[in-house]
Amino acid sequence: MAERDGAGPAPPRRGYRPMRSVDPAHPLGARPIGNAMAAPVRDREALQRLNFLFQAAHWVLPHSPALARFYCSTQRGAARRLVLRMAPSVKRAVCRRCCSLLLPGAGGYLRLRGGGQPRRVLRCRCCGRCRRYLCQQELRPPGQATPTESAPEHNPV
């Protein structure tokens, strides 16, 4: 483009973006923009609020179980209103009926049952609702003994 009457180069066209320089150190020649490690999270502030409410419920549970239930019910209502999925560990820690925390010893009772497949049974202290979860099987390398079995004996003859 030709220069205008001594006013310098013409302004860039609307919608024009200059190309980024290609960096050979990055794959496919792309350069990271901003925080390259973190993927963009939708509703970051809402997730931070849910996390705060859950931590606050844990903190106030020994002092005021009713306030902890209020925080958990507020967390559930906000997640439902904003259509956000909570982590399974968070959902397991809150009673579905009365929104109290199901921490063993503080807000719930924990039993281990083993008929067939071993499972954990959490019972809420407030409303009595029971939740059953299968126990996670630990993956062990072959030849390693489980806690209930004795280690294989090696007799060097």
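None of these values were measured; they are calculated from a predicted model.

A.B. asks: For this particular structure, what's the right way to read the nonpolar core?
C.D. replies: Nonpolar side chains in soluble globular proteins generally cluster together in the buried interior. Residues Phe 54, Ala 57, Val 60, Leu 61, Ala 68, Cys 72, Val 90, Ala 93, Val 94, Cys 99 and Leu 101 constitute the largest nonpolar core, which totals 11 residues. Sorting the residues of this core by element identifies helix H1 (44–60) and helix H2 (65–82) as the ones contributing at least two each. With 3 residues, H1 is the largest single contributor of residues to this core. With sequence-adjacent residues up to four places away left out, Cys 72 is seen in contact with Ala 57, Val 94, Cys 99 and Leu 101.

A.B. asks: Help me understand the packing of H1 against H2 in this model?
C.D. replies: Angle between the axes and distance between the axes: these two values describe a pair of packed helices. Orientation of H1 relative to H2, taken along the N-to-C sense of each, is 165 degrees, at an axis distance of 8 Å. Regarding the angle of H1 to H2, the classification is roughly antiparallel. Where H1 crosses over H2, the two elements pack in a sense that is left-handed. From H1, Ala 46, Arg 49, Leu 50, Leu 53, Phe 54, Ala 56, Ala 57 and Val 60 reach across to H2, where they touch Pro 65, Leu 67, Ala 68, Tyr 71, Cys 72, Thr 74, Gln 75, Ala 78, Ala 79, Arg 81 and Leu 82. Among the residues forming the contact of H1 with H2, the class breakdown is 15 nonpolar, 2 polar and 2 charged.

A.B. asks: So what exactly am I meant to see when it comes to the side chain of Ser 100 here?
C.D. replies: Structurally, Ser 100 is set in the loop between helix H3 (88–92) and strand E1 (108–113). Ser 100 sits in the buried class, given a relative accessible area of 4%. Contacts of Ser 100, omitting those with residues within four sequence positions, involve Arg 69, Ala 93, Val 94, Cys 95, Cys 124 and Cys 126.

A.B. asks: So what exactly am I meant to see when it comes to unusual backbone geometry here?
C.D. replies: Leaving glycine out, the prevailing phi sign among residues is negative, and the prevailing peptide bond configuration is trans. Look at Val 83: it is not a glycine, yet its phi comes out positive at around 55 degrees. The backbone of Cys 99 shows a phi angle near 65 degrees, a positive value even though the residue is not glycine. Structurally, the position occupied by Cys 99 is in the loop between H3 and E1. With a relative accessible area of 10%, Cys 99 lands in the buried category.

Thresholds applied
Going along each chain's sequence as written, the residues are numbered from 1 onward. For this predicted model, a pLDDT threshold of at least 70 governs which residues receive local features, and a threshold of 80 or more governs which side-chain atom pairs are given and counted, while totals over whole chains, interfaces and linings are taken from all residues. Here the side-chain values reflect all heavy atoms present in the structure, with hydrogen atoms and water set aside. For our purposes a nonpolar core is just a set of buried Ala, Val, Leu, Ile, Met, Phe, Trp, Tyr and Cys residues, chained together by side-chain atoms within 4.5 Å. For every residue, the accessible area (1.4 Å probe, protein chains only) is compared with the maximum for its type, and the residue is labelled buried under 20%, exposed over 50%, or partly exposed between those bounds. The numbering of helices and of strands both runs from the N terminus, where a helix is a DSSP run of H or I of at least 4 residues and a strand a run of E of at least 2. Any two residues whose heavy atoms approach within 4.5 Å at even a single point are treated as in contact. Fitted lines through C-alpha atoms give the axes, limited to the stretch in contact for helices. The angle between two N-to-C directions lies from 0 to 180 degrees. In this scheme, roughly parallel covers angles under 35 degrees and roughly antiparallel covers those over 145, while 65 to 115 is roughly perpendicular and the rest are oblique. Left-handed describes a crossing whose near helix is turned anticlockwise from the far helix through less than a right angle; right-handed describes the clockwise counterpart. Side-chain classes are defined by residue name, with Ala, Val, Leu, Ile, Met, Phe, Trp, Tyr, Cys and Pro counting as nonpolar, Asp, Glu, Lys and Arg as charged, and the others, Gly among them, as polar.

The analysis is restricted to geometry; functional conclusions fall outside its scope.
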